[in-house]
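Chain by chain, the residues run as shown.
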Amino acid sequence: MSAESGNETKGETRLPAVSFAPAGRTGALARELRLQALSEADRDLIRLVNDPLFSRWKEQIKAIGGCANPIYLSGSTVTRHAVTGEVIASYSTAGEPGERLAVRCRNRRASVCEPCSRLHAGDTFQLVRAGLSGGKGVPDAVRDRSRLFVTLTAPSFGPVHRVLAGERCHPRRDDPRCEHGRRLGCGLMHTDDEPVVGLPLCPDCYDYPRHVLWHAHAGKLWDRFTTAVRRYLASAGGIPRTKLGDHLVVSFAKVAEFQRRAAIHFHAVVRLDGQEGPGSSAPDWATEELLLDAVEHAAASSFVTVPYSGAYGTERVGWGGQFDAHPIRPVSDGDVPSDSAVAGYVAKYVTKGAAETAAGLDYRVTGLGDIRAAVVNSHVRALMGTCWRLGGLSELEHLGLRPWAHSLGYRGHILTKSRRYSTTYGVLRGERADHRRGDAKPDDPSAVTESAWRYVGSGHTPGAAGLAFGIAEDHARSLQLAREAREDPDQWGEWP
């Protein structure tokens, strides 16, 4: 025996360890180890697929087009006969996966949710085209009205690098310098994909406060523009401004778009109707030429005066010199756009967020630290910083510049329209919901519906996000094939 107690006897052989764990437990441990080796998304995907209600979950996500950030609701809806109390139809989330129902987030920005932005673009196309061609409750006679496609831009706040087809950016014969020693010219021919396009030639000379203040007052400037158009028409017709509605109605629909220099400009549809709206014609004296004169005069004469401040002095903001207006025709004719072309153009830009146009962020910032950390170019960062600094002034507190620093001070809606122009997003969504319900919608006008719903969450788990992305891609591919089939019936055959 060894002198040390507990040690093995010399020459004694050690036996291998024997596990007494049941075979089932060993298999479970092995499976657990394999699961731990997988990524979080893979583990969640396995859990999701093995759920008995996986098929129903997939049906929900398909129904919302693979929405990237769905909203989850829990509750029930019961439709009863108003007299007898008999239940006509009922629905509850009690039998749904997680006892909840997924609905679309309805975000218009493609950078946030591409499936919902695609649906929003389609609604926008229908909304704008209905005001040009009729449909969706708008008489077809609107296509015979005087209609213009107007572009209103921001003024210059300083020279920036620009793209001119076949021409140099800012050609100068000599080599002038600003007070900061930077060149005032640029002899290069830029392309659209160059990062320098839209940046100031001299950031220190660029009027950042005026740029921000123009954005903050762009909504009020648009109101002044529409008022000036109506006032010009009333003066031309020899009637008081307050009585213009007794003779004609001016309807507008506009979309806001960020330029490469990070300045908003507006594209607008302007239409003349009679006093009863789209169903009536404007007086004979209210011609298309008169409407052209009215919008041109309004663009040149509209302005907003910003109250004095020691930080920037007194500002008077108006429209830029790059004004454009074209008649709209049912069918395109040269430079004259068609109804569908204008509607498609507006729908294209309504889904773009500030981040996609490199002119801001799609989320709010909470301080200068967030602005410094933002993945934007120096020009946009300077504009956001100016918003934050001006937003701290008591005389500008009403403009809300700090909460809207991510959009460079612009706090207006991307698309707005006058009440009589056409239908609304709410009506279009209601029609789509009725179409999906089909026969499930009760026809009895005496039916009473009682609903009780509450918000219970949003978003996807890691595994569900991957599946939803695949569903969204399949849906987009199906839409593309359907579009190609309509455009080329000889190749794809008759399309319903």
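Below or above, wherever it landed, is the structure these notes cover.

### Digging into the sheet that holds strand β10 (residues 415–417)
Here is step 1 of the chain: Here we have 5 strands laid out as an open sheet, ordered β9-β4-β6-β5-β10, and antiparallel in their pairing. If you trace the sheet from one side to the other, it starts and ends with β9 (324–327) and β10, each paired once. Neighbour to neighbour, the strand axes of the sheet diverge by 15° on average, direction disregarded.
Here is step 2 of the chain: Of the pairings in the sheet, the one linking strand β5 (residues 248–258) to β10 comprises 3 bridges and is antiparallel in character. The partner of A253 across the bridge, within β10, is K417.
Here is step 3 of the chain: The strands that helix α4 (residues 114–133) touches are β4 (147–152), β6 (264–274) and β10; relative to β10, the one it contacts most, it runs at about 30°.
Here is step 4 of the chain: Of the strands in this sheet, β4, β5 and β6 are in contact with helix α6 (residues 218–237), which crosses β5 at around 150°.

### Things to note about the pattern of salt bridges
A pair can form between side chains of opposite charge whenever their charged atoms are brought close.
Here is step 1 of the chain: In the structure shown here, the tally under the stated rule is 16 salt bridges.
Here is step 2 of the chain: Among the salt bridges present, the one from D273 reaches R145, with a minimum N-O distance of 3.6 Å. Here R145 lies in the loop between α4 and β4 and D273 lies in strand β6, a separation of 128 residues in the sequence. No difference in accessibility class separates D273 from R145, as the two residues are buried.
Here is step 3 of the chain: The network of salt bridges with shared partners includes R56, E59 and E96.

### Observations concerning unusual backbone geometry
Here is step 1 of the chain: In the Ramachandran plot, E99 falls in the positive-phi region, its phi being about 55° despite a non-glycine side chain.
Here is step 2 of the chain: For E99, the position within the fold is in the loop between β2 (87–92) and β3 (101–103).

### Quick look at the nonpolar core
Here is step 1 of the chain: By size, the foremost hydrophobic cluster in this structure holds 66 residues, and its most contacted members are W214, F225, V229, L233 and F266.
Here is step 2 of the chain: Of all the secondary structure elements, the ones that give two or more residues to this core are β4, α5 (208–216), α6, β5, β6, α7 (288–301), β7 (303–309) and α10 (378–391).
Here is step 3 of the chain: Considering each element in turn, this core owes the most residues, 8 residues, to α6.
Here is step 4 of the chain: The residues touching L233, leaving out its near neighbours within four places in the chain, are L244, L248, V250, L272, W285, L290, L291 and A294.
Here is step 5 of the chain: Grouped together as the second largest cluster of nonpolar side chains are 17 residues, V269, V346, L415 and Y425 included.

### Overview of the state of the cysteines
Here is step 1 of the chain: Tallying each qualifying case throughout the model produces 0 disulfides.
Here is step 2 of the chain: Here C178 is not cross-linked by a disulfide; its sulfur's nearest cysteine counterpart is in C202, at 3.6 Å.
Here is step 3 of the chain: Judged by its relative accessible area of 11%, C178 falls in the buried class.
Here is step 4 of the chain: The structure places no disulfide on C205, whose sulfur is separated from the nearest cysteine sulfur, that of C202, by 3.5 Å.

### Some thoughts on helix α8 (residues 339–350)
Here is step 1 of the chain: Taking 1.5 Å of rise per residue, the 12 residues of α8 would be expected to cover 16 Å, and the 17 Å separating its terminal C-alpha atoms lies within 8% of that figure.
Here is step 2 of the chain: Within the sequence span of α8, burial applies to D339, V342, A343, V346, A347, Y349 and V350.
Here is step 3 of the chain: Looking at the buried side of α8, the elements it contacts are α4, β4, β5, β6, β10 and α11 (425–437).

### Regarding the packing of α5 against α10
Here is step 1 of the chain: Where α5 meets α10, the closest approach of the two axes is 9 Å, and the angle between their N-to-C directions is 75°. Overall, the two elements α5 and α10 adopt an arrangement that is roughly perpendicular. Residues Y208, P209, H211, V212 and L213 of α5 pack against H379, A382, L383, T386, C387 and L390 of α10.
Here is step 2 of the chain: Residues belonging to the contact of α5 with α10 are distributed by class as follows: 8 nonpolar, 3 polar and no charged.

### As for the packing of aromatic side chains
Here is step 1 of the chain: Summed over the entire model, instances satisfying the criterion amount to 13 aromatic pairs.
Here is step 2 of the chain: Centroid distance F54 to W57: 6.0 Å. Interplanar angle 20°. Geometry classified as stacked. Pair noted here: F54 and W57 are both in helix α3 (residues 54–63), with a separation of 3 residues, about one helical turn. Across this residue pair, the class does not change: F54 and W57 are buried.
Here is step 3 of the chain: Aromatic rings pair up to connect W214, W222, F225, F252, F266, W319 and Y410 into one cluster.
Here is step 4 of the chain: A cation over an aromatic ring shows up here: R100 above the ring of Y72, its NZ or CZ 3.6 Å from the ring centre.
Here is step 5 of the chain: Over the face of the ring belonging to W404 we find R364, whose NZ or CZ atom lies 4.6 Å from the ring centre.

Rules of the game
Note on numbering: residues in each chain are counted from 1, in written sequence order. Reporting in this predicted model follows two pLDDT cut-offs: at least 70 for local features of residues, and 80 or more for side-chain atom pairs to be given and counted; totals over whole chains, interfaces and linings ignore these cut-offs and use all residues. Derived side-chain values reflect all non-hydrogen atoms in the structure, with water molecules and hydrogen atoms excluded from consideration. Pairing between strands is defined by DSSP: at least two bridges between them are needed. A run of H or I in DSSP becomes a helix once it reaches four residues, and a run of E becomes a strand once it reaches two; helices and strands are each numbered from the N terminus. Here, axes are lines fitted to C-alpha atoms. For helices the fit covers the stretch in contact, and angles between N-to-C directions go from 0 to 180 degrees. Should any heavy atoms of two residues lie within 4.5 Å, those residues are counted as being in contact. A carboxyl oxygen of Asp or Glu within 4 Å of a side-chain nitrogen of Lys or Arg is what we treat as a salt bridge. When accessible area is computed with a 1.4 Å probe and restricted to protein chains, residues below 20% of their type maximum are described as buried, those above 50% as exposed, and intermediate ones as partly exposed. Definition of nonpolar core: a set of buried residues of the types Ala, Val, Leu, Ile, Met, Phe, Trp, Tyr and Cys, connected through side-chain atoms within 4.5 Å. Criterion for a disulfide: a pair of cysteine sulfur atoms at a distance within 2.5 Å. Here the expected span of a helix is defined as 1.5 Å times the quantity of residues minus one. Should an angle lie under 35 degrees it is considered roughly parallel, over 145 roughly antiparallel, and from 65 to 115 roughly perpendicular; all remaining angles are considered oblique. Residue polarity follows a fixed list, in which Ala, Val, Leu, Ile, Met, Phe, Trp, Tyr, Cys and Pro are nonpolar, Asp, Glu, Lys and Arg are charged, and the others, Gly among them, are polar. Any pair of Phe, Tyr and Trp rings, taking the six-membered ring for Trp, is counted once the centres come within 6.5 Å. Such a pair is stacked with planes under 30 degrees apart, edge-to-face with planes over 60 apart, and tilted for the rest. Geometrically, a charge over a ring is one whose NZ (Lys) or CZ (Arg) sits within 6 Å of the ring centre while staying within 35 degrees of the ring normal.

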